[in-house]
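Observations on chain architecture
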Amino acid sequence: DALCVGELAMMFGRLKAALAAIAMAGSILAGSAASAGETWLPENFTASLTVTSDYVFRGISQTNEEPAGQFNGEWAPGGGPIYVGAFVSNIDFSPNAAGNRSAAVEVDMMAGVRGEYSILKWDVGAIAYIYPGMQKNTPAFNTNFHYFEGAIKTTWDVVGLFSVVGNVYMSPNYTGDADTGIYVEGGVDATLPFDIAVSGRVARQ
């Protein structure tokens, strides 16, 4: 019916905006990579495009339970432990919470250093969450959605059978100016026969 057609049109409109942002982010990262020289690009620059039925972040849908197109890219200069990266996705926040104008795209910029010691893999870094176009124009909810987090991520390989994961994220000014935010996450990853990946997580924000 007309309602379904309208909803589909809105959905594809959001995906179109996300794909445009993805293309822009990819061009920026690829341009930066090319300027540094092409020799390292296949080995130290990785990127992926994803289409998912819902963008869920820490248990909450960021797209109002609608599909998302996403770009994820990372560059490790010289193949060393230091890395920089970017993540781009379309989003759809509630207008009641975001104000009269909400962002259509989320852009995350990240950097850090990672390494290994015995059975431990570790990663220490920071993530900036940016929402271009988000306006804080509602007096009752005059807030800044942009924020950043420091992150400590660990993975422990248990005799090659499965991995135990433990992560901590801390923000001095969590989204919505909600003061200090801490996210603690633990879980297990395993690979079953036929390369079937299984994972479970327990977390608290």
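Residues numbered from 1 in each chain as written. Predicted model: local features only at pLDDT ≥ 70, side-chain atom pairs only at ≥ 80, totals over all residues. Heavy atoms only, no water.

1. Some details on the overall build of the chain
The helix and strand inventory of the chain stands at 3 helices and 11 strands. Each helix and strand of the chain, ordered N terminal to C terminal, gives the series α-α-β-β-β-β-β-α-β-β-β-β-β-β. The proportion of buried residues among the 205 residues of the chain is 31%. Of the roughly 12200 Å² of accessible surface on the chain, 64% is carried by carbon and sulfur atoms. (Helix = DSSP H or I, 4+ residues; strand = E, 2+ residues; numbered from the N terminus. Buried < 20%, exposed > 50% of the residue type's maximum accessible area, 1.4 Å probe, protein only. Areas by Shrake-Rupley, 256 points an atom, 1.4 Å probe, with all protein chains shown as cover.)

2. As for the nonpolar core
Counting residues in hydrophobic clusters, the biggest one holds 16 residues, and the most contacted among them are I91, F93, Y131 and M134. Of all the secondary-structure elements, those providing two or more residues to this core are strand 7 (120-130) and strand 8 (147-158). (Core = buried A, V, L, I, M, F, W, Y, C linked by side-chain atoms within 4.5 Å.)

3. Regarding the pattern of salt bridges
Per the counting criterion, the structure on display carries 6 salt bridges. In this structure, E74 engages R114 in a salt bridge whose closest nitrogen and oxygen atoms are separated by 2.9 Å. Remark: R114 occurs in strand 6 (residues 105-117) and E74 occurs in strand 4 (residues 68-75); sequence separation between them is 40 residues. Under the relative-accessibility criterion, E74 is labelled partly exposed at 24%. Overall, the relative accessible area of 32% leaves R114 in the partly exposed class. One salt bridge in this structure joins D123 and R114, with 3.6 Å as the shortest N-O distance. (Salt bridge = Lys/Arg side-chain N within 4 Å of Asp/Glu carboxyl O.)

4. Things to note about the side chain of D108
Within the fold, D108 resides in strand 6. One buried charged side chain, D108, makes no salt bridge at all; its nearest oppositely charged neighbour is R58, positioned 9.0 Å away. If we skip the residues at most four places from it in the chain, D108 touches G85, A86, F87, I127, A128, Y129 and I130. (Lys, Arg positive; Asp, Glu negative; His and termini not counted. Contact = heavy atoms within 4.5 Å.)

5. Considering the packing of aromatic side chains
Evaluation of the coordinates by the stated rule reveals 7 aromatic pairs. Here Y129 and Y147 contribute two aromatic rings whose centre-to-centre distance is 4.5 Å and whose plane-to-plane angle is 10 degrees, an arrangement assigned as stacked. Placement of the pair is Y129 in strand 7 and Y147 in strand 8, with a sequence separation of 18 residues. Here Y129 matches Y147 in class, with each residue buried. Judged by centre distance (6.0 Å) and plane angle (50 degrees), the ring pair of Y169 and Y183 falls under tilted. Separated by 14 residues along the polypeptide, Y169 in strand 9 (residues 162-171) and Y183 in strand 10 (residues 181-192) bring together distant segments of the chain. For Y169, a relative accessible area of 11% corresponds to the buried category. Members of the aromatic cluster, each reached through a chain of ring pairs, are F57, Y129, Y147 and Y174. (Phe/Tyr/Trp six-rings, centres within 6.5 Å; stacked < 30°, edge-to-face > 60°.)

6. A closer look at the sheet that holds strand 5 (residues 82-90)
Adjacent strands of a sheet form backbone hydrogen bonds with each other and so pair up, either parallel or antiparallel. Across the sheet, which stays open at both edges, the 9 strands sit in the order 1-4-5-6-7-8-9-10-11 with antiparallel pairing between neighbours. A strand with exactly one partner marks an edge of an open sheet, and here the two such strands are strand 1 (45-52) and strand 11 (196-204). The average undirected angle you get between the axes of adjacent strands in this sheet is 20 degrees. With 11 bridges joining them, strand 6 and strand 7 adopt antiparallel strand pairing. Bridged to V113 within strand 7 is V124. (Pairing = 2+ DSSP bridges. Axes fitted to C-alpha atoms, helices over the stretch in contact; angles between N-to-C directions.)

7. A word on the environment of Q62
Its place among the elements puts Q62 in the loop between strand 3 (60-61) and strand 4. Taking the C-alpha atoms as reference points, Q62 and S89, separated by 27 residues in sequence, lie 9.3 Å from one another. Contacts of Q62, omitting those with residues within four sequence positions, involve Y55, F57, I91, D92 and F93.

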